[in-house]
Amino acid sequence: MGAHGLKAVFFDLDNTLVDTAAAGRRAIEEVRPLASRPLQVIKALQSKHHYGEGEARLVCDKVQAKLLKECHDPAKMCITDLRISHWEEAIQETTGGEANRHLAAECYFLWKTTRLQHLTLSEDTRGMLTELRKGLRLLLLTNGDKQTQREKIEACGCQPYFDAIVVGGEQKEEKPAPSIFHYCCDLLGVQPAECVMVGDSLDTDIQGGLNAGLKATVWLNKAMTTPVDISPVPHYIISSVLDLPAVLQKMEHKINSKLGTDHTASSNE
């Protein structure tokens, strides 16, 4: 693989290689002792701060909703202050009364620490990356705040599997801007038409790959319930990142078939 046109694969991180959403949920729910403290936000709110279970869960639900709608400008506020503010607002919206920055900070760091502990690159995924890297160059391309994303990368230990790692928050533009994809190509010494983008977001990963003129885009759609009017339209759809090698083999077969056809046509001229 890689000899006839396909030379590199770009991977998204969150909810593509690692299940960030599940790690966040487990950080809220799970009981896990650390220095005699339960690493569970709901449990901490109940036992240390006398919240009812319903109140504690509502606070956490509100924070999850805020994270989904989060817009972060690092020039105006660091990610830590912003996310403590999410917890502070959620607590105040749920219980009323005075803002409690101290409790908000405690909840945030409890959630963050536990989430990082659950961010893992599975053995199957490690094996797949190792095999792919024998014939292709691999690059990790993730949007987001540089501190947050670098902490995740460190936590899941994915650095050894990639030729380069690019964090959107460290660049002038993030996905889906073509510039960050072209920067990645320059890093690897490849052309856009020699690269494939793999990710779970139609808006950033797939649209970005299309904007940049990559050879193909592969959408990871775990639900596999594809809308009829899907937009943008990816070249391939998979339900597990482990299905990627089969897609790449299919692409390679198409490339080789086309080369054979072209060769035959030129011989007949």
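In case you missed it, the structure is sitting above this.
To keep things clear, this report deals only with the structure shown in the data block. Note that the coordinates shown come from a computational prediction; the quantities given were computed from them, not determined experimentally.

A word on the overall build of the protein chain
Here is step 1: In terms of regular secondary structure, the protein chain is built from ten helices and eight strands.
Here is step 2: Taking all 269 residues of the protein chain together, the buried fraction comes to 46%.
Here is step 3: Within the protein chain, contacts between residues separated by at least 24 positions form 63% of all contacts whose residues are at least 6 apart in sequence.
Here is step 4: As displayed, the protein chain has an accessible area near 13400 Å², and 51% of this comes from carbon and sulfur atoms.

Some details on the pairing of strand E7 (residues 216–220)
Here is step 1: Counting buried positions along E7 gives five out of five residues, so the element sits mostly inside the fold.
Here is step 2: Of the two faces of E7, the one holding Ala-216, Val-218 and Leu-220 and the one holding Thr-217 and Trp-219 are both buried throughout.
Here is step 3: Strand direction decides the pairing type here: strand E6 (residues 195–199) and E7, joined by four bridges, are parallel. Of the residues in E7, the one forming a bridge with Val-198 is Val-218.
Here is step 4: With helix H9 (residues 202–211) bridging E6 and the parallel E7, this β-α-β connection has right-handed handedness.
Here is step 5: Alignment of E7 against strand E8 (residues 236–238), held across three bridges, turns out to be parallel. What sits directly across from Trp-219, in E8, is Ile-237.

What about the packing of aromatic side chains?
Here is step 1: A full pass over the atoms with the stated rule returns three aromatic pairs.
Here is step 2: Ring plane angle 40° and centroid distance 6.2 Å describe the contact between Tyr-108 and Trp-111, whose orientation is recorded as tilted. With Tyr-108 and Trp-111 both in helix H5 (residues 101–118) and three residues apart, the pair spans about one turn of that helix. Trp-111 shares its class with Tyr-108; the two are buried.

Structural notes on the environment of Asp-124
Here is step 1: Note on placement: Asp-124 falls in helix H6 (residues 123–132).
Here is step 2: The sequence separation of Asp-124 and Leu-242 amounts to 118 residues, and the corresponding C-alpha distance is 7.5 Å.

Considerations on the sheet that holds strand E4 (residues 137–142)
Here is step 1: Reading across the sheet, the six strands line up as E5-E4-E1-E6-E7-E8 and stay open at both edges, with parallel pairing between neighbours. At either end of the open sheet lies a strand with only one pairing partner, and these are strand E5 (164–167) and E8. Within the sheet, the average angular offset between the axes of one strand and its neighbour, ignoring direction, is 20°.

Rules behind the numbers
- Residue positions within a chain follow its written sequence, with the count starting from 1.
- The predicted nature of this model means local features are confined to residues of pLDDT at least 70 and side-chain atom pairs, given and counted, to a pLDDT of 80 or more, with totals for whole chains, interfaces and linings taken over all residues.
- By convention in this description, side-chain values take in all heavy atoms of the structure and omit both hydrogens and water.
- Note on conventions: DSSP H or I runs of at least 4 residues are helices, E runs of at least 2 residues are strands, and numbering of each starts at the N terminus.
- Only protein chains enter the accessibility calculation, which uses a 1.4 Å probe; a residue is then buried when its area is under 20% of its type maximum, exposed when over 50%, and partly exposed in between.
- By definition, residues are in contact when any of their heavy atoms lie within 4.5 Å.
- Surface exposure here means Shrake-Rupley accessible area, sampled with a 1.4 Å probe, where a residue is shielded only by the protein chains that are shown.
- Note on pairing: two strands pair once DSSP finds at least 2 bridges between them.
- A clockwise path from the first strand over the helix to the second, with the strands pointing away from the viewer, defines a right-handed crossover.
- Aromatic rings from Phe, Tyr and Trp, with only the six-membered ring used for Trp, were paired whenever their centres fell within 6.5 Å, and each pair was classed as stacked if the ring planes differed by under 30 degrees, edge-to-face if by over 60, and tilted otherwise.
- Helix axes are fitted only over the stretch in contact, all axes being lines through C-alpha atoms; the angle between N-to-C directions runs from 0 to 180 degrees.

What is shown is where atoms sit, not what they do.
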